[in-house]
Amino acid sequence: MKLRRISLSLVAILWFLCPLWAQNESAKPGPVTVIKFGTLIPEDGSGRVLNHALVTVSGDRIRSVSTGTAQIPAGATVIDLSNYTGIPGLIDAHTHMTYYWSGKPGTTPFTESRARLPQETVFYAQANARQCLEIGVTTVRDLAAQNYSDLALRNLINAGAIEGPRMFVAGPGLHAGGAVPTLGFVFPGIERPLGQANGVPEVMQTVREEIAAGIDVVKMFASTGSFQDVTEHETFTYDEIQAAVQVAHQMGKRIAVHTYGPDGARDAARAGADTIEHPVDMDDATLREIAAKHIIYTPTVYHNVWYAENAKEFGWNDKQVADLDDFVRRNEETVRRALQAGVRIDMGSDAVYNSFGKNTHELEYLVKSGMTPAQALEAATANGAAALGMDKSLGAVAPGYFADIVAVEGNPLADVNAVIDGVRWVMKGGKVVVDHTRAEPGAGN
């Protein structure tokens, strides 16, 4: 009996120590890499621009940021990007990564996606994930996917089985009784479609269900409006929105509220949502409340431009295209007014299907709507990190942050096209995932 007690004690000690050993293993510094930039825009809140910058990376984190006079650690791998400007990895705060379309003749995005199994969708979505990395997007907030396929894609990326941006996912999202497209599949034995909720008790239950399923952020569809539909009818009451916000925050999650119109935006602001997606025509009082509560506005201007340009592929008519164009005009005007009101704005592309790879064109429309290139870069970095609640580890090139770093040609502070078209090299979590510098004359690596 005494021997058995000793054995049990040893098991208990090992059970206690194993997590500590695992922590120590994960805390061990990885290989050291030093990256040389001609110019670095760290977006760390200091407003600095560093010339002849050195960024030292250990494992998946940034160890230090200094200038060319600093000592390079012995044995470090040196990557010479002196011909380029370094910026933080870009953050797309609104994507739908699992919306994939092959573009094959005779198919449309909708018919093809409806014919696939969820497992096939996750497999094909790898192409969208890769497109994000190619344009410097190292993090996305993915706001609604069928059948929790976004969780599977996130997990596979985190496990290293698929190469893609780090993902913060929302599952099917909350929608009211089918008033917006049902994003979750229906299975036998389930009383209501995934994500559907009507009334405060069901809203609270559904938020809890989605959090239990493993989502990172709650998405609530509080109005009509999607694809060619630019209507703005509020679909949840203020009490329902408030209930969703309350449960999300109680359970440590952030909540993004979809609304095409001002009514949903007003109620989302009153309820204290963390971000508000898409709305146009917000009144001055709502904009002031959004600014005062530090809520982030995700305008998603470019996605409707892209829809209008590709209307034929979707089978939409001239009237629907005209409606999209009108919404874009009002969206740009709302961004201008939001900027004047001091609202913080992030970059959200609302990318779907073949618009992946064009995510950062949203920056062009933010500048067109009144942002400076510097403000647009902040929208795609620091503001995106704030939208995720990750502003202490993402959105800047600074010690302790994830080593998500992009090299571009040109000066992003003078011309936002340096970010849109000039990405040449991308590091995510200390690993080089894109390198188009080797074939360029004079580009060392």
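Residues numbered from 1 in each chain as written. Predicted model: local features only at pLDDT ≥ 70, side-chain atom pairs only at ≥ 80, totals over all residues. Heavy atoms only, no water.

A.B. asks: Which parts of the structure should I look at to understand the sheet that holds strand S9 (residues 254-258)?
C.D. replies: Hydrogen bonds along the backbone pair up the strands of a sheet, which may run parallel or antiparallel. Spatially, 5 strands are ordered S8-S9-S10-S11-S12 in an open sheet, and the strand pairing comes out parallel. In the strand order of this sheet, the two ends are held by strand S8 (217-221) and strand S12 (344-345), each with one partner. Of the pairings in the sheet, the one linking S9 to strand S10 (residues 275-277) comprises 3 bridges and is parallel in character. When the sheet's bridge partners are listed, Ala256 is paired in S10 with Thr275. (Pairing = 2+ DSSP bridges. Helix = DSSP H or I, 4+ residues; strand = E, 2+ residues; numbered from the N terminus.)

A.B. asks: Would you mind showing me how to read the pairing of S8 here?
C.D. replies: A regular strand places its side chains on the two faces of the sheet in alternate fashion. In terms of burial, S8 is largely enclosed, as 5 of its 5 residues are buried. With burial as the criterion, each face of S8 is covered, one bearing Val217, Lys219 and Phe221 and the other bearing Val218 and Met220. Bridge count between S8 and S9: 5 bridges; the pairing is parallel. By the bridge assignment for S9, Lys219 is matched with Ala256. Following the backbone out of S8, through helix H7 (residues 238-250) and into the adjacent parallel S9, one traces a crossover that is right-handed. (Buried < 20%, exposed > 50% of the residue type's maximum accessible area, 1.4 Å probe, protein only. Right-handed = clockwise from strand over helix to strand, strands pointing away.)

A.B. asks: Which parts of the structure should I look at to understand the packing of helix H8 (residues 262-271) against helix H9 (residues 284-292)?
C.D. replies: The relative placement of two packed helices is expressed as an angle between their axes plus a distance between the axes. Between H8 and H9, whose axes approach to 9 Å, the crossing angle comes to 35°. The crossing of H8 and H9 is left-handed. Mapping the contact onto sequence places Ala265, Arg266, Ala269 and Arg270 in H8 and Thr286, Glu289 and Ile290 in H9. Broken down by class, the residue content of the contact of H8 with H9 amounts to 3 nonpolar, 1 polar and 3 charged. (Axes fitted to C-alpha atoms, helices over the stretch in contact; angles between N-to-C directions. Left-handed = near helix turned anticlockwise from the far one by under 90°. Contact = heavy atoms within 4.5 Å. Nonpolar A, V, L, I, M, F, W, Y, C, P; charged D, E, K, R; others polar.)

A.B. asks: Which parts of the structure should I look at to understand the layout of surface pockets?
C.D. replies: Rolled over the atoms, a probe as big as a water molecule pinpoints where empty space is left. What the second largest pocket holds in volume is close to 310 Å³. Together, 14 residues line the second largest pocket, and Ile157, Gly160, Gly164, Lys428 and Lys431 are the ones closest to its centre. Breaking the lining of the second largest pocket down by element, the ones donating at least two residues are helix H5 (149-158) and strand S15 (431-435). Partitioning the lining of the second largest pocket into residue classes produces 5 nonpolar, 4 polar and 5 charged. (1 Å grid on protein atoms, 1.4 Å probe; cavity = no way out; pocket = protein on both sides within 12 Å on 5 of 7 lines; lining within 4 Å. Points joined across faces, edges and corners; volume = space filled by probe spheres on them.)

A.B. asks: What's the story with the pairing of S15 in this structure? I'm lost.
C.D. replies: Pairing of strand S14 (residues 423-428) with S15, which is carried by 4 bridges, proceeds in the antiparallel orientation. Across the sheet, the residue bridging to Trp425 is Asp435, located in S15.

A.B. asks: Looking at this structure, how should I read the environment of Leu50?
C.D. replies: Topologically, Leu50 is positioned in strand S2 (residues 50-58). Here the alpha-carbon distance between Leu50 and Thr85, two residues 35 residues apart in the chain, equals 9.7 Å. If near-sequence neighbours (up to four positions away) are discounted, Leu50 is found in contact with Gly38, Thr39, Leu40 and Val65.

A.B. asks: For this particular structure, what's the right way to read the packing of aromatic side chains?
C.D. replies: In this structure the tally under the stated criterion is 18 aromatic pairs. Judged by centre distance (6.3 Å) and plane angle (80°), the ring pair of Phe110 and Tyr353 falls under edge-to-face. Of the two residues, Phe110 is situated in helix H2 (residues 109-114) and Tyr353 in the loop between S12 and helix H13 (361-368); the sequence distance between them amounts to 243 residues. As far as burial versus exposure is concerned, Phe110 and Tyr353 are alike and both buried. Ring geometry for Phe227 versus Tyr307: centroids 5.7 Å apart, planes at 45°, classification tilted. Taken together, the residues Phe227 in the loop between S8 and H7 and Tyr307 in helix H10 (residues 302-309) connect sequence positions 80 residues apart. Note on Phe227: relative accessible area 13%, which makes it buried. What links up through ring pairs into an aromatic cluster is the set Tyr99, Phe110, Phe227, Trp306, Tyr307, Phe314, Trp316 and Tyr353. In this arrangement the basic side chain of Arg61 is found over the ring face of Phe402, its NZ or CZ atom lying 3.8 Å from the centre. Across from the ring centre of Phe402, 4.3 Å away, lies the NZ or CZ of Arg166, which sits over that ring. (Phe/Tyr/Trp six-rings, centres within 6.5 Å; stacked < 30°, edge-to-face > 60°. Lys NZ or Arg CZ within 6 Å of the ring centre and 35° of its normal.)

A.B. asks: Looking at this structure, I do not really get the sheet that holds strand S7 (residues 166-169). What am I missing?
C.D. replies: Strand order in the open sheet made by the 3 strands is S5-S6-S7, with parallel pairing throughout. Across the chains shown, the open sheet's two edge strands, defined by having one partner strand only, are strand S5 (90-95) and S7. Averaged over all adjacent pairs, the angle separating strand axes in this sheet is 20°, with direction ignored. By the bridge criterion, 4 bridges tie strand S6 (residues 137-142) to S7 in an arrangement that is parallel. Of the residues in S7, the one forming a bridge with Thr139 is Arg166. Against the sheet, H5 contacts S6 and S7, and its axis sits at roughly 150° relative to S7.

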